[in-house]
Amino acid sequence: MNAGLREKLATGKDYYEIRLESIGGLGANLCGKMLGELGVKYLDVNSSSFSSYGSEKTGTPVKGYIRYCNKEKEIRVHSPVVEPDLLVVFHQALLQDTSVWKGCSKETAIIIALEPGQEVEDVLSGRRKGEQTSLCNMGSVYGLEAQRIAMETHSRINVVMMGAVLKVMGLDSLTAGEQIMEDTLGKKYPDALKANLDGMKRGYEELRILDV
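Residues numbered from 1 in each chain as written. Predicted model: local features only at pLDDT ≥ 70, side-chain atom pairs only at ≥ 80, totals over all residues. Heavy atoms only, no water.

Trainee: Just checking my understanding: could you explain the overall build of the chain for this structure?
Mentor: Helix and strand counts for the chain stand at 7 helices and 9 strands. Looking at the chain residue by residue over its 212 residues, the buried ones come to 50%. Split by element, the accessible area of the chain, about 10,500 Å² in all, is 49% carbon and sulfur. (Helix = DSSP H or I, 4+ residues; strand = E, 2+ residues; numbered from the N terminus. Buried < 20%, exposed > 50% of the residue type's maximum accessible area, 1.4 Å probe, protein only. Areas by Shrake-Rupley, 256 points an atom, 1.4 Å probe, with all protein chains shown as cover.)

And the structure:
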């Protein structure tokens, strides 16, 4: 299992970095914003986040970048995350794009959103132009059926994935996640808050490590 946020920063590493790989319509942009605000408000670290996308149309590529560092350090890097500590893949179709894995190594933990009933072996053998994607030289790989959980809790995939991210980051509880979600969604969508909190909790609890 790869080291989490606190462990990485305790070793003297300048930053703990996350890259979100998604498509428009799944809420990765909002997920990245909440993760960025989470660090400053509730984790006692400095943090920054931004997203890049060609357009906000459903189905177009979206990338999110989040950096954390110790509170006494200033974040001076504002470029995309090239070598992530954590890679988060919001849709299995993205596994066929070899650029999604760029910069990953044994130091990279990976979370993959699986389709309901999808065989892990099929997901991990995504192909592009005859090349097989291999995860054998990467770090711990995790999976969860984010779409199914979102449907069952009447929430959205982004909050389910956020729960999974907090688990891999090494947070012992969802207290900080619940607080930032109440800050971000509670006032704007009060009627949907409980469902979103349930979705995040299920994402945190149902994440499992994959045997690759």
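Trainee: Explain the pairing of strand E3 (residues 61-70) to me, please; I cannot follow it from the model alone.
Mentor: Remark: a regular strand shows side chains that alternate across the two faces of the sheet. Burial analysis of E3 places 7 of its 10 residues in the buried class, the great majority of the element. In terms of strand pairing, strand E1 (residues 16-23) meets E3 through 8 bridges, oriented antiparallel. Considered in E3, the bridge of Ile18 is made with Ile66. With 9 bridges joining them, strand E2 (residues 45-53) and E3 adopt antiparallel strand pairing. Directly across from Ser48, in E3, lies its bridge partner Arg67. (Pairing = 2+ DSSP bridges.)

Trainee: How do you make sense of the side chain of Lys8 when you look at a structure like this?
Mentor: Tracing the backbone through its elements, the reader meets Lys8 in helix H1 (residues 5-10). Taking relative accessible area as the criterion, Lys8 reaches 8% and is therefore assigned buried. Among the polar contacts made by the side chain of Lys8, one reaches the side chain of Asp85 at a distance of 2.7 Å. Setting aside residues up to four positions removed in sequence, Lys8 forms contacts with Ala3, Lys13, Tyr16, Asp85 and Glu107. (Polar contact = N/O pair within 3.5 Å; in protein donor to acceptor, adjacent residues only side chain to side chain. Contact = heavy atoms within 4.5 Å.)

Trainee: Would you take a moment to explain the pattern of salt bridges for this structure?
Mentor: Two side chains that carry opposite charge are able to pair once their charged atoms sit near each other. This model, assessed by the stated rule, comprises 16 salt bridges. Notably, a salt bridge pairs Asp85 with Lys13, separated by 3.2 Å at the nearest N-O pair. Of this pair, Asp85 sits in the loop between E3 and strand E4 (86-89) while Lys13 sits in the loop between H1 and E1, and the two are 72 residues apart along the sequence. Here the salt bridges share partners, and the residues they tie into one network are Glu145, Arg148, Glu152, Arg202 and Glu206. (Salt bridge = Lys/Arg side-chain N within 4 Å of Asp/Glu carboxyl O.)

Trainee: Mind showing me how you'd approach unusual backbone geometry here?
Mentor: Excluding glycine, residues mostly carry a negative phi; peptide bonds, for their part, are mostly trans. A positive phi is found at Asp44, a non-glycine position, where the angle reads about 60 degrees. Along the polypeptide, Asp44 turns up in the loop between helix H2 (28-42) and E2. Look at His154: it is not a glycine, yet its phi comes out positive at around 60 degrees.

Trainee: Just checking my understanding: could you explain the environment of Ser79 for this structure?
Mentor: When you line up the elements, Ser79 lands in the loop between E3 and E4. In this structure the C-alpha to C-alpha distance between Ser79 and Tyr65, which are 14 residues apart in sequence, comes to 8.7 Å.

Trainee: Before we go on, may I ask you to explain the sheet that holds E3 in this structure?
Mentor: Strand pairs in the sheet, formed through backbone hydrogen bonds, run parallel or antiparallel to each other. Strand order in the open sheet formed by 7 strands is E2-E3-E1-E4-E5-E8-E9, with mixed pairing between adjacent strands. Of all strands in the sheet, those with a lone pairing partner are E2 and strand E9 (208-209), marking the two edges. Across the sheet, helix H5 (residues 157-168) touches E1, E4, strand E5 (109-113) and strand E8 (141-144), and the angle it forms with E5 is around 160 degrees. (Axes fitted to C-alpha atoms, helices over the stretch in contact; angles between N-to-C directions.)

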